[in-house]
Amino acid sequence: MNSSQTSNADTLVLRPGQVSLAELRHLAAGGVHLSLDPAALAGMQAALATVQTIVDQDQVVYGINTGFGKLASTKIAHDHLADLQRNLVLSHSVGTGEPLPDPVVRMVLATKAVSLARGHSGVRPALADALLQLANADVLPVIPAKGSVGASGDLAPLAHLACVLIGEGQAKVRGRVVSGREAMAAVGLAPFVLGPKEGLALLNGTQVSTALALAGLFAAEGVFAAALVAGCLTLEAIKGSVKPFDARIHAARGQAGQIAVAAAVRALLEGSAIDPSHPHCGRVQDPYSIRCIPQVMGACLDNLTHAACVLRIEANAASDNPLVFTDTGEVISGGNFHAEPVAFVADIIALALAEIGAMSERRLSLLLDPVLSGLPPFLIRESGLNSGFMIAQVTAAALAAENQCLANPSSVTSLPTSANQEDHVSMATYGARRLADMARNTAVIVGVEAMSAAQGMEFDRSLKSSRLIEAQFAAIRERVAFLEQDRYLAPDIETMRLWAADSVWPTPLIACLPSHQ
């Protein structure tokens, strides 16, 4: 088979090098039994044998019998090799901050196992199996979110993961934080005594940055889809024109994302009775936040599609150092741990999230402006006595501005570490970690727009929109009521944030999303 396979709803066989984004999304949610493709075993055993030959012959090879980083020229005696690996793990467990979310930790465990199983790390297969045993039992290492610069691997966070394997550190068992030793016992394992190179193989790698970026990508896809729905609702509420979504316009430019977004909007609005009802309304052109949805959201989609491609490769990568090549018996030191590819795509996901939110906030402002929308001021009867959605738009504007600050690129920020041995770093871990905040902000903005657009549509229900948009209108009304007069809106905003973040979207939208393809 040319990809990992889901044998049934609860079992996933991970094929190193071929794990799909859909499978990573699935396992991140939990409740999936993971195993490695048995075909990976031979390559792992061959790499392990290569490392053992180096040890037996007392060859001096970085990471096997030397110090690390600036201390790479220090040779370590044979009888201290186990101490070397243990000390490496303990000394690098210096993370700080809140623990990483459970879905991210599940992806870290899975992608680290996949990386080790590529057969270039020289570790015992039992280590990779142990990572999946932890994931299968939902025994999740407590990994502090901060402390990695995204080069030489995600050293600190991966050290906290590795600590659990040696009986140190902490993990969550059924929501309760326990010691690493208790966590290993919970899955029926004794703590490992690490062999040559095993500690380094566990610590080197981009799995934390990649898992955080994947979580950001998945969240960005959700709010992207929600924003297309919200945009359609707004278009219908203001009786905007569908002519700018004509396929010929977008074919003339040729940008793939733009073409796909225009097609998705046409599919969402197909069968609407609202658009044909106002051919001579006097509106010449809609504002850019309506008219240029394909151009702006299409560019966002192109960026998300590129990010998805890079992250799928990285999730399957052998990214520790040095790497073992069994065909020649060589162990070669390189730099696959440098997370620059992840840093770059985290930055473009951030740009997409900021723009999705910025466009949505502008459409929200449009809805509230009676001159532009033709709707009651701030979408409320008896405005003046009632403020309607006035201050909800202020919240959206605040979050859009916050996202614009957060979207500043992190990949251009580099501080040298390890006495200048590691003189350029990627900052991918922070770049990916901020995406969760940005996605949450964008979900609030889009949710407020959708709630406001549904309010706007209610001022004239003489005609119905399309089947798909009416279904979304109904879904919103199941969650929040029409705003007849001012009320406590914070719960409604949170409800609509969840609508934007967690809804299952119609097929025309799912077909756009790169991780679903």
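For the structure, see preceding data.
Just so it is clear, the structure is predicted and the values come from calculations on it, not from any experiment.

Visitor: Just give me the short version of helix α4 (residues 102-116), but keep the residues and values in it.
Guide: Compared with the 21 Å implied by 1.5 Å per residue over 15 residues, the 21 Å span of α4 between its first and last C-alpha is a close match. Taking burial as the measure, the 15 residues of α4 include 13 buried ones, the bulk of the element.

Visitor: Explain the sheet that holds strand β8 (residues 176-179) residue by residue, including any values.
Guide: Taken together, the three strands give an open sheet; going across it, the order is β5-β7-β8, and neighbouring strands pair in antiparallel fashion. On the outer flanks of this sheet lie β5 (139-141) and β8, each paired with one strand and no other. This sheet shows a mean twist of 35° between the axes of neighbouring strands, independent of strand direction. As paired elements, β5 and strand β7 (residues 170-173) share three bridges and run antiparallel to each other. Within the sheet, the bridge partner assigned to Pro 141 lies in β7 and is Ala 171. Those strands touched by α4 are β5 and β7, and its axis lies near 90° from that of β5.

Visitor: With reference to specific residues and values, describe the pairing of β8.
Guide: Pairing analysis gives four bridges linking β7 to β8, with the strands arranged antiparallel. Its bridge partner being in β8, Gln 170 is matched across the sheet by Ser 179. Turn length for the β7-β8 hairpin, with the two strands adjacent in sequence and antiparallel, is two residues, and the turn residue Arg 174 shows positive phi of about 50°.

Visitor: I'd love a proper account of the packing of aromatic side chains, names of residues and values included.
Guide: Under the defined criterion, the tally for this structure stands at two aromatic pairs. Ring geometry for Phe 459 versus Phe 482: centroids 5.8 Å apart, planes at 70°, classification edge-to-face. Here the residue Phe 459 occupies a position in the loop between α17 (428-457) and α18 (467-479), and Phe 482 occupies one in the loop between α18 and α19 (490-502), the gap between them amounting to 23 residues. We classify Phe 482 as buried; its relative accessible area is 18%. Consider the rings of Trp 499 and Trp 505, whose centres lie 5.1 Å apart with planes at 90°: the pair is edge-to-face. The pair formed by Trp 499 and Trp 505 is uniform in burial state, with each residue classed as buried. The ring of Phe 473 has Arg 461 lying over it, and the distance from NZ or CZ to the ring centre is 4.2 Å.

Visitor: Summarise the pattern of salt bridges; cite the residues concerned and give the values.
Guide: Counted according to the given criterion, the structure contains 17 salt bridges. One salt bridge in this structure joins Lys 197 and Asp 320, with 2.8 Å as the shortest N-O distance. With Lys 197 in the loop between α7 (180-186) and α8 (198-203) and Asp 320 in the loop between α13 (293-315) and β9 (323-325), the pair connects residues that are 123 residues apart, well separated along the chain. One exposure class covers both Lys 197 and Asp 320, and it is buried.

Visitor: Outline the nonpolar core, supporting the account with residue identities and numerical values.
Guide: Ranked by internal contacts, the top residues of the largest apolar core, which has 165 residues, are Leu 14, Phe 224 and Trp 499. If one sorts the elements of this core by residue count, helix α9 (residues 207-237) sits on top with 20 residues. Ignoring anything within four residues of it in the chain, the contact list for Trp 499 reads Ala 226, Val 229, Val 446, Gly 447, Ala 450, Gln 472, Ile 476, Arg 479 and Trp 505.

Visitor: If you had to explain unusual backbone geometry to someone new, which residues and values would you point to?
Guide: For the bond running from Asn 321 to Pro 322, omega is -5°, close enough to zero to count as cis. Its location among the elements puts Pro 322 in the loop between α13 and β9. The phi torsion at Lys 197 lies on the positive side, around 75°, for a residue other than glycine. For Lys 197, a relative accessible area of 0% corresponds to the buried category. The backbone phi angle of Met 427 is positive, close to 55°, even though this residue is not glycine. With respect to the helices and strands, Met 427 occurs in the loop between α16 (390-406) and α17.

Visitor: I'd like to hear about the environment of Ala 481, residue by residue, with values.
Guide: Of note, Ala 481 is situated in the loop between α18 and α19. When its relative accessible area of 48% is taken as the criterion, Ala 481 is described as partly exposed. In this structure, the C-alpha to C-alpha distance between Ala 481 and Leu 463, residues 18 residues apart in sequence, is 20 Å.

Visitor: Please set out the layout of surface pockets residue by residue, giving values where relevant.
Guide: Of the volumes computed, that of the largest pocket is approximately 1000 Å³. What lines the largest pocket is a set of 39 residues, and nearest its centre among them are Ala 215, Phe 218, Ala 219, Ala 436 and Ala 439. Counting residues per element, the ones that place at least two in the lining of the largest pocket are α1 (21-28), β4 (96-99), α4, α9, α17 and α19. Sort the elements by how many residues they give to the lining of the largest pocket and α17 lands first, with nine residues. Residues belonging to the lining of the largest pocket are distributed by class as follows: 26 nonpolar, four polar and nine charged.

Rules used throughout
- Residues numbered from 1 in each chain as written.
- Predicted model: local features only at pLDDT ≥ 70, side-chain atom pairs only at ≥ 80, totals over all residues.
- Heavy atoms only, no water.
- Helix = DSSP H or I, 4+ residues; strand = E, 2+ residues; numbered from the N terminus.
- Expected span 1.5 Å × (residues − 1).
- Buried < 20%, exposed > 50% of the residue type's maximum accessible area, 1.4 Å probe, protein only.
- Pairing = 2+ DSSP bridges.
- Axes fitted to C-alpha atoms, helices over the stretch in contact; angles between N-to-C directions.
- Contact = heavy atoms within 4.5 Å.
- Phe/Tyr/Trp six-rings, centres within 6.5 Å; stacked < 30°, edge-to-face > 60°.
- Lys NZ or Arg CZ within 6 Å of the ring centre and 35° of its normal.
- Salt bridge = Lys/Arg side-chain N within 4 Å of Asp/Glu carboxyl O.
- Core = buried A, V, L, I, M, F, W, Y, C linked by side-chain atoms within 4.5 Å.
- 1 Å grid on protein atoms, 1.4 Å probe; cavity = no way out; pocket = protein on both sides within 12 Å on 5 of 7 lines; lining within 4 Å.
- Points joined across faces, edges and corners; volume = space filled by probe spheres on them.
- Nonpolar A, V, L, I, M, F, W, Y, C, P; charged D, E, K, R; others polar.

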